[in-house]
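Residues per chain, in single letters:
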Amino acid sequence: MLAAGGLSSGAHLAAFLTLGAAGAVVGTRFLVAEESLYSDVQKRAVIAAKSGSAVRSYVFDELRNTTGWPAGVDGRGLAMPAVAAVESGADITQIKKEVAEGTKRGDPHSVVTWAGTGVGQLSRLQPAKVRAHHPRSLYGSELTARRTRISYESYMKSLWPI
Ligand SMILES: Cc1cc2nc3c(=O)[nH]c(=O)nc-3n(C[C@H](O)[C@H](O)[C@H](O)COP(=O)(O)O)c2cc1C
């Protein structure tokens, strides 16, 4: 069993491993890795985002022309004026034009930025290998973790600080 969704710190990972999960799926955290293909504007938007800034909407896909998902499948991204406008009935063609222009200007409020619920806890850019390598190297410590959850959490926190 893998834990997934909103996990953004070593403490989250440690908690789920301690509860018996075999591992964790981490998505949003890696958007702010140096290796991530997100633009600098998107990375900065993710880092600046607060908890609750990531909202579910069908409009993100509409703005990106990536529709065609089965009924009921939306996506979570950083709240932006264009999404709110379309949801309130604004003309999508006009809004798409404004979003395209804003994206060109590098306006962080005009670019679609997919992000999960843990976005408020991401505060800096880091290489992905720091994120991915350390937790893997800790599997040997799992027995210690089962004996004493607190020490495992502190250990994870020291390697994978928020
Ligand atoms: C850039 C990005 C694109 C994603 N695209 C999809 C997708 O197309 N379909 C899907 O089911 N989940 C998608 N996800 C959600 C990931 O599956 C989800 O992030 C994962 O469960 C980990 O959660 P977390 O991002 O809160 O860490 C995407 C996530 C990100 C960050």
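Residues numbered from 1 in each chain as written. Predicted model: local features only at pLDDT ≥ 70, side-chain atom pairs only at ≥ 80, totals over all residues.

(A) Representation of unusual backbone geometry. The backbone of Asn-65 shows a phi angle near 55°, a positive value even though the residue is not glycine. Here Asn-65 shows up in the loop between helix 3 (59–64) and strand 4 (75–78). (Helix = DSSP H or I, 4+ residues; strand = E, 2+ residues; numbered from the N terminus.)

(B) How the structure looks around the site of the ligand. Among the 14 residues in the neighbourhood of the ligand, the closest are listed as Ala-4, Gly-27, Thr-28, Trp-114 and Gly-116. Here the residues of the shell around the ligand are counted per class, giving six nonpolar, seven polar and one charged. (Near = placed C-beta within 6 Å. Nonpolar A, V, L, I, M, F, W, Y, C, P; charged D, E, K, R; others polar.)

(C) Structural detail: helix 1 (residues 10–18). Gly-10, His-12, Leu-13, Ala-14 and Leu-17 are the residues of helix 1 that are buried. Downstream of helix 1 by a residue or two, Gly-20 has a phi angle that is positive, lying close to 110°. (Buried ≥ 20, exposed ≤ 12 C-beta atoms within 10 Å, placed from the backbone.)

(D) Examining the nonpolar core more closely. Ranked by size, the top nonpolar core spans 20 residues in total, and within it Val-46, Ala-49 and Ala-115 carry the most contacts. Contributions of two or more residues to this core are made by helix 2 (40–48), helix 3 and helix 4 (81–87). Looking at this core, you find at least three residues from each of domain 1 (1–49 + 121–162) and domain 2 (54–114). Ignoring sequence-local partners within four residues, the contact set of Ala-115 consists of Thr-28, Leu-31, Val-46, Ala-49, Ala-54, Arg-76, Gly-77 and Leu-78. Judged by nonpolar contacts, the second largest core, of five residues, contains Leu-7, Ala-14, Leu-17 and Val-26. (Core = buried A, V, L, I, M, F, W, Y, C linked by C-beta atoms within 7 Å. Domains from an automatic or database assignment. Contact = placed C-beta atoms within 7 Å.)

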